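Below are the chains, spelled out letter by letter.
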Amino acid sequence: MEALQQLTRRQIDALRDIGARETPERGVSLKVTAASLKVRPPSALGHLTTLEEMGLIGRHRGKSRLTPRGQRTLAEYQRHHRIAETLFGNLGLGPAETCAAAREIDLAISHRTVGEICRAQQHPSTCPHGEPIVPCHPTSRAG
Ligand SMILES: [Zn+2]
Ligand SMILES: [Zn+2]
């Protein structure tokens, strides 16, 4: 099973938040992650522990950073999310609704299905909000 399909919504939100806040010098504290997720620190710690066990983050002195695998998984998530947003946008949903609708499916769909949707939509280069969509992997069938 692909890493994304094993993650819960809270776990991917934690991964996204760490990716957005970390700097080359500094990781992200448990307190900050808990506040972003709007959960108490013990439940945030549970999500971080799972991410660490999956090799997606490293924790050092209480600060979390993405591992290279975590960075790849986050990039895959963004591609899933933005391709799903584009699909819903083409079905007539407004930009504000596409994001919420995409969040209902972006973790569940496989890379292969994302590739099929990408191809069916002629390989969109941006989501409805103008965020870039990474092109299909050169070795994928979608090309
Ligand atoms: Zn979105
Ligand atoms: Zn978007």
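Provided above is the structure to which this section pertains.
Parameters and conventions
- Residues numbered from 1 in each chain as written.
- Chains lettered and ligands numbered in written order.
- Predicted model: local features only at pLDDT ≥ 70, side-chain atom pairs only at ≥ 80, totals over all residues.
- Heavy atoms only, no water.
- Helix = DSSP H or I, 4+ residues; strand = E, 2+ residues; numbered from the N terminus.
- Rg over C-alpha atoms; globule rule 2.2 N^0.38 Å.
- Buried < 20%, exposed > 50% of the residue type's maximum accessible area, 1.4 Å probe, protein only.
- Contact = heavy atoms within 4.5 Å.
- Areas by Shrake-Rupley, 256 points an atom, 1.4 Å probe, with all protein chains shown as cover.
- Lys, Arg positive; Asp, Glu negative; His and termini not counted.
- Charge placed at Lys NZ, Arg CZ, Asp CG, Glu CD.
- Donors = N, O, S within 2.8 Å, 3.2 Å for Na, K, Ca; no water.
- Arc of directions from axis to C-beta.
- Axes fitted to C-alpha atoms, helices over the stretch in contact; angles between N-to-C directions.
- Parallel < 35°, antiparallel > 145°, perpendicular 65-115°, else oblique.
- Left-handed = near helix turned anticlockwise from the far one by under 90°.
- Nonpolar A, V, L, I, M, F, W, Y, C, P; charged D, E, K, R; others polar.

Q: Let's hear about the overall build of the protein chain: which residues, and what values?
A: In terms of regular secondary structure, the protein chain is built from seven helices and three strands. Expected size for 143 residues packed as a compact globule is a radius of gyration near 15 Å; at 16 Å, the protein chain falls within 12% of this value. Along the longest, intermediate and shortest principal axes, the C-alpha atoms of the protein chain span 45 × 35 × 25 Å. Expressed as a percentage of its 143 residues, the buried residues of the protein chain come to 40%. Long-range contacts, defined as pairs at least 24 residues apart, comprise 61% of the intrachain contacts of the protein chain with a sequence gap of at least 6. Total accessible area on the protein chain is roughly 8,100 Å²; 55% of this is exposed by carbon and sulfur atoms. Mean positive and mean negative side-chain charge positions of the protein chain (20 and 14 charges, respectively) differ by 5 Å.

Q: Account for the coordination of the zinc ion (ligand 2), naming residues and giving values.
A: Distances from the zinc ion (ligand 2) to its protein donors, Glu-85 (OE), Cys-127 (SG) and His-129 (ND1), fall within 2.0 to 2.4 Å. Positions of the donor residues of the zinc ion (ligand 2), expressed as sequence spacing, correspond to E-x41-C-x1-H. Separating the zinc ion (ligand 2) and the zinc ion (ligand 1) is a distance of 3.8 Å, and Glu-85 donates to both of them. A residue pair is termed long-range when its members are at least 10 positions apart, and Glu-85 in helix H5 (residues 68-90) and Cys-127 in the segment after helix H7 (111-120) qualify at 42 residues.

Q: Which residues make up H7, and what values do they have?
A: Of the residues making up H7, those classed as buried are Val-114, Gly-115, Ile-117 and Cys-118. Take H7 and look down its axis: the buried residues cluster within an arc of 165°, on one side only. Opposite the packed face of H7, turned more than 90 degrees from it, sit the exposed residues Arg-112 and Ala-120. Packing partners of the buried residues in H7 comprise H5. A positive phi of about 60° marks Gln-122, the residue just after H7.

Q: Quick rundown of the environment of Ile-109? Include the residues and the values.
A: If you trace the backbone, Ile-109 turns up in the loop between helix H6 (95-105) and H7. When the C-alpha positions of Ile-109 and Cys-99 are compared, they lie 15 Å apart, and in sequence the two are ten residues distant. Residues contacting Ile-109, with those up to four places away along its chain left out, are Gln-5, His-80 and Val-114.

Q: Residues and numbers for the coordination of the zinc ion (ligand 1), please.
A: Note on the zinc ion (ligand 1): its protein donors are His-81 (NE2), Glu-85 (OE) and Cys-99 (SG). The metal-donor distances range over 2.0 to 2.3 Å. Along the chain, the residues donating to the zinc ion (ligand 1) fall in the pattern H-x3-E-x13-C. Classification of His-81 as buried rests on a relative accessible area of 10%.

Q: Can you explain the packing of helix H2 (residues 9-21) against H5? Please cite residues and give values.
A: The geometry of H2 relative to H5 is characterised by a closest axis approach of 10 Å and an angle of 110° between their N-to-C directions. Here H2 is positioned roughly perpendicular relative to H5, judged by the angle of their axes. Relative to H5, the crossing made by H2 is left-handed. Only Gly-70, Thr-73, Leu-74 and Tyr-77 of H5 make contact with H2, whose side of the interface consists of Arg-9, Ile-12, Leu-15, Arg-16 and Gly-19. Looking at side-chain class alone, the contact of H2 with H5 contains four nonpolar, three polar and two charged residues.

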